[in-house]
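Each chain is listed here by its residues.
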Amino acid sequence: MATHSSILAWRSLWTEKPGGLQSMGSQESDTTESHHHLPLAGFLPPECRYRLVVTAAVGAPPPCGFPIGGGLRGPAPRRQERPDASMAATGAAATDLEVVRGKRAALFFATVVIVLGLPLWWKTTETYRAPLPYSQISGLNSLKLRLMVPVTVVFTQESVPLDDQEKLPFTVVHEREIPLKYKLKIKCRFQKAYRRALDHEEAALSLGNIQEAEAMLAEPSEQAEGSLTVYVISERCSLLPQDMMSYIGPKRMAVVRGITHREAFNIIGRRIIQVVQAMSLTEDVLAAALADHLPEDKWSSDKRRPLKSSLGYEITFSLLNPDPKSHDVHWDIEGAVQRYVQPFLSALSAAGNFSVDSQILYYAVLGVNPRFDSASSSYYLAAHSLPHVINPVESRLGSSAASLYPVLNFLLYVPELAHSPLYIQDKDGAPVATNAFHSPRWGGIMVYNVDPKAYNGSQLPVRVEVDMMRVMEVFLAQLRLLFGIAQPQLPPKCLFFGPKSEGIMTWELDRLLWARSVENLATATTTLTSLAQLLGKISNIVIKDDVASEVYRAVAAVQKAAEELSSGHLASAFAASQEAVTSSERAFFDPSLLHLLYFPDDQKFAIYIPLFLPMAVPILLSLFKIFLETRKSWKKPEKTD
Amino acid sequence: MVDTCFLSRGLTTLAGLLLLPFGSLAASQIEDQAEQFFRSGHTNNWAVLVTVENFLRVLTGRIPSSTPRSKRLLSDDRSNILIYMTGHGGNGFLKFQDSEEITNIELADAFEQMWQKRRYNELLFIIDTCQGASMYERFYSPNIMALASSQVGEDSLSHQPDPAVGVHLMDRYTFYVLEFLEEINPASQTNMNDLFQVCPRSLCVSTPGHRTDLFQRDPKNVLITDFFGSVRKVEITTETISLQPDSGVVESSYKKDQMVEELMEPLKYAEQLPVAQIIHQKPKLKDWHPPGGFILGLWALIIMVFFKTYGIKHMKFIF
């Protein structure tokens, strides 16, 4: 069809005869030829008609406003042509005119195609790409992170010499770069605000017992996340045992011994830095956070144990009872969760949303057969068989279909009567005290042996009441390890009691938030950078407006988080970093970014050639012919002259 | 047909099993596809959703948020992934459902996107099609090891026909790989070099190939159980925290939660499948749409040419 129409156009250019159709009645002899009526006055501009033919060839409606069926007649009434008698005389002149007009028509054809057609085709077949802040994204890679820890240092009366006391209050800044082989430079800045102790603080610090002092010093308003307070007591104060130089408390508070020396402030400053670093930021905290962004050689893969940062977590407690005929196991899981787990989780609530559920599975066995140890007449699971335990059980555990948060499973296994008691052995063959093991990023398993006294005289099944406190001690310890809350590196001669009933100290939460903020910023930066790279490499992907707005939001959130970190507001920095990660992941994983992924270039040519080649050939040939004739006509005047 | 590799006792470690099909398309699209499929006489129903697009979505993670957990690849930077593909293929492509193809370039791009987001630690790609080696030629992301059943220009053959059913049941390469893997137990120390020797030319007629230049470790140090076993990293728990037994204080709040629950309204089971429409009891009335621009233009052209050729005088007889 396209070829036919273009051939029509072609013939019309070169085989026009003047005169021709006057009215419908005299058409009989001409109907078999495909003559167009060319009004000599040019009432009907030729370009309109030819544009009609061309665009009809490609299937678009004619742009000139002609009615579709009758495009060959103009809206204007036709002129009366001169009678045929003068046709021969004007034949020659008319032919020349024809030729010129034909050439003009061909040129116009070509112009319309190139000026109008090509851009139109290009515009309609390009993929829509909303603008993205590429320069800002590449600027994120050279972001300098400055983590500021605001520390308040409180001096009691005899802690430092008098003339030093006169200098209070002032601020000292201690800044240090963390040596990690990571593209973002991270600096750690401790801003110590020195001041004198208030009366009630003096009173509290002169008590005999450190716990009482802490209880008195607990401020009514919660200290902001990320900040610390250090109290400096005198050298001979009996608050701490004599050989201890410092104390780290569970609530963002520490006590350091002062010194009466000329260089008191420097020495005390160094001690304070040691204590404060143990409570907030050290290299391994940040290395664990950035584990998958660092090259593997420096920090071992053990650092990859902690859970990845996520908006929330789902914790499932399961009781596995493989032998219900012998053991009738009861566990007060709801009470245990309320008493022990909820305080822990509410202390951690700044780090994410937690949901807890529990289940009991019957006839669920571990995938490994325990061996019998005749020396202790008990069964054991060797350390090398532990890695094979989890997978067979995991398929029975199930998880919530609706939630997309990572799931942490804690299993309590009550071994069968035939395999009781069951102990877990470590690599050296000694039974493990906790009788439990855990798998990074998955959860933990504990084996609970039934007290042999319960079997005396009773019939099977024996009622077993699980001691939830012992179980929860292990599970909460495993939860801490899974979150990466490790034991801090204490400075020498430091008194440290460990977490209280919640199971976590507030500055441990702060350390988690620092690590998570840095990890979130690293992840968001990497995601945005790789999204920009991807969109540059694969030009087929459409970028919708909402994807672009998520990218803008993510970039703004990264910058805000970096600012908040450098001003020491940990809570808002963490919130901004969460938002950055969420927005960048939403932009990267948007389902629309897959569209048009499979159109290789050679297939595109195969689609376009049958459509455009038949149209392009006549145009190009006529242009070529025009060009040759023009060159000939330039050469002719030279010759005759 | 994309399949997942299920072995009798080995399951993949920390591994993403590619679970296909999954339904994440618009409801009307599902209905159309379902109708077509049931009319065509196939008995396998949801295989209709195994398409190239869905496969790439599962790999890259660009899934609509309504997709359930079991239909997602929940892998992270510590997961080893096994991808096994078999079916009909050619130089640079693999056929899906006899109607679509996936090319090696798309697969390589999908793996690169997975790498950018660290969705895998190591990836093992096994392909059993004709000219399978062409599928792994274009990979450029690190930590990928690939095995194929035949080189470019060769055909992979099937193993043996079943005289009762009359069809070939299994491909040769798959048969011998399965035979090899059934001897592996979770504690085995067999490494990848042994897997490369499976199915030599004398048994398989085609020459199996492999590609390890993108893999960081030496194949002889890579255990089969890294991908096929069910081995997890575990640590012994050596420390506990000390809790204080407190009682009574929190009992009241626990009872309150119980009472609140009973006031919720009863839940209903949602209608899962539009069964009536799938069973196709009566023809659905489709909305009538006016013909589009292309059809109109085509007819305009035809009419124009007709009247050009035969003259405008015929028009009064037609209209």
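Residues numbered from 1 in each chain as written. Chains lettered and ligands numbered in written order. Predicted model: local features only at pLDDT ≥ 70, side-chain atom pairs only at ≥ 80, totals over all residues. Heavy atoms only, no water.

Observations concerning the packing of aromatic side chains
- Counting across every chain of the model gives 25 aromatic pairs over all chains.
- Each ring, one from Trp121 of chain A and one from Phe612 of chain A, has its centre 5.8 Å from the other, and the planes form 85 degrees; the classification is edge-to-face. A residue pair is termed long-range when its members are at least 10 positions apart, and Trp121 of chain A in helix H3 (residues 87-125) and Phe612 of chain A in helix H16 (residues 601-640) qualify at 491 residues.
- The exposure class of Trp121 of chain A is partly exposed, given its relative accessible area of 26%.
- Since its relative accessible area comes to 29%, Phe612 of chain A is described here as partly exposed.
- Note on Phe317 of chain A and Phe475 of chain A: the rings are 5.7 Å apart at their centroids and 35 degrees apart in plane angle, and the pair reads as tilted. Separated by 158 residues along the polypeptide, Phe317 of chain A in strand E7 (residues 312-321) and Phe475 of chain A in helix H12 (residues 468-483) bring together distant segments of the chain.
- By the ring-pair criterion, three or more aromatic residues cluster together here, those being Trp121, Trp122, Tyr608 and Phe612 of chain A.
- When the ring centre of Trp115 of chain B is taken as reference, the NZ or CZ atom of Arg118 of chain B above it lies at 4.2 Å. (Phe/Tyr/Trp six-rings, centres within 6.5 Å; stacked < 30°, edge-to-face > 60°. Helix = DSSP H or I, 4+ residues; strand = E, 2+ residues; numbered from the N terminus. Buried < 20%, exposed > 50% of the residue type's maximum accessible area, 1.4 Å probe, protein only. Lys NZ or Arg CZ within 6 Å of the ring centre and 35° of its normal.)

Comments concerning the confidence of the model for chain A
- Confidence along chain A averages 78 in pLDDT terms, with 81% of residues attaining 70 or more.
- In this model residues 12-82 of chain A is a low-confidence stretch, pLDDT under 50, and it forms 94 contacts with partners more than four residues away in sequence or in other chains. (pLDDT = per-residue confidence, 0-100. Contact = heavy atoms within 4.5 Å.)

Re the UniProt feature "transmembrane region" (unreviewed entry) in chain A
All names here are of chain A.
- Within the UniProt annotation, "transmembrane region" (unreviewed entry) is assigned to residues 105-122 and 605-628.
- For residues 105-122, the helix share is 100%, the strand share is 0%, and the end-to-end C-alpha distance is 24 Å.
- In residues 605-628, the share of helix is 100% and the share of strand is 0%. The end C-alpha atoms are 30 Å apart. (UniProt positions renumbered as here; feature names shortened; annotations may be inferred.)

Some details on the nonpolar core
- By size, the foremost hydrophobic cluster in this structure holds 124 residues, and its most contacted members are Phe155, Phe317, Leu348, Leu412, Met472, Leu479 and Phe483 of chain A.
- Looking at which element gives the most residues to this core, the answer is helix H13 (residues 506-537) of chain A, with 14 residues.
- Residue contributions to this core reach at least three from each of two domains, namely domain 1 (140-290) and domain 2 (307-482) of chain A.
- The residues touching Leu412 of chain A, leaving out its near neighbours within four places in the chain, are Ser318, Leu319, Leu320, Trp331, Met446, Tyr448, Val466, Val471 and Phe475 of chain A.
- Counting residues in hydrophobic clusters, the runner-up holds 32 residues, among them Val58, Met85, Leu107 and Phe139 of chain B. (Core = buried A, V, L, I, M, F, W, Y, C linked by side-chain atoms within 4.5 Å. Domains from an automatic or database assignment.)

Re the domain arrangement of chain A
- The domain architecture assigned to chain A consists of domain 1 (140-290) and domain 2 (307-482).
- Each of domain 1 of chain A and domain 2 of chain A was reduced to a C-alpha centroid, and the two centroids are 40 Å apart.

Examining the sheet that holds strand E5 (residues 122-128) of chain B
Residues and elements named next belong to chain B.
- On the basis of which strands lie adjacent, the open sheet formed by four strands has the order E1-E5-E6-E7 and mixed pairing. The open sheet has two free edges, formed respectively by strand E1 (80-86) and strand E7 (209-211), since each of these has just one partner strand. Put simply, the sheet's adjacent strands are angled 10 degrees from each other on average, direction ignored.
- Alignment of E1 against E5, held across seven bridges, turns out to be parallel. Counted as the bridge partner of Met85 is Ile127 from E5.
- Against the sheet, helix H3 (residues 104-116) engages E1, E5 and strand E6 (144-148), with an angle of about 165 degrees to E5. (Pairing = 2+ DSSP bridges. Axes fitted to C-alpha atoms, helices over the stretch in contact; angles between N-to-C directions.)

Brief notes about the sheet that holds strand E2 (residues 89-90) of chain B
Residue and element names in this part refer to chain B.
- Spatially, the three strands line up as an open sheet ordered E2-E3-E4, and their pairing is antiparallel. The outermost strands of the open sheet, each flanked by one partner alone, are E2 and strand E4 (100-103).
- Where strand E3 (residues 93-96) meets E4, four bridges bridge the pair, whose relative direction is antiparallel. Note on E4: the bridge partner recorded for Lys95 is Glu101.
- Helix H2 (residues 52-60) contacts E3 and E4 of the sheet and is inclined by roughly 35 degrees relative to E4.

What to know about helix H14 (residues 545-567) of chain A
Residues and elements named next belong to chain A.
- Taking 1.5 Å per residue as the helical rise, H14 with its 23 residues ought to reach 33 Å, and the 33 Å between its terminal C-alpha atoms agrees with that figure.
- Those residues of H14 that sit buried are Val547, Ala548, Glu550, Val551, Ala554, Val555, Ala557, Val558, Ala561, Ala562, Glu564 and Leu565.
- The inward-facing, buried residues of H14 abut helix H4 (134-140), strand E1 (144-155), H13 and helix H15 (570-588).
- Backbone geometry just after H14 places Gly568 at a positive phi near 85 degrees. (Expected span 1.5 Å × (residues − 1).)

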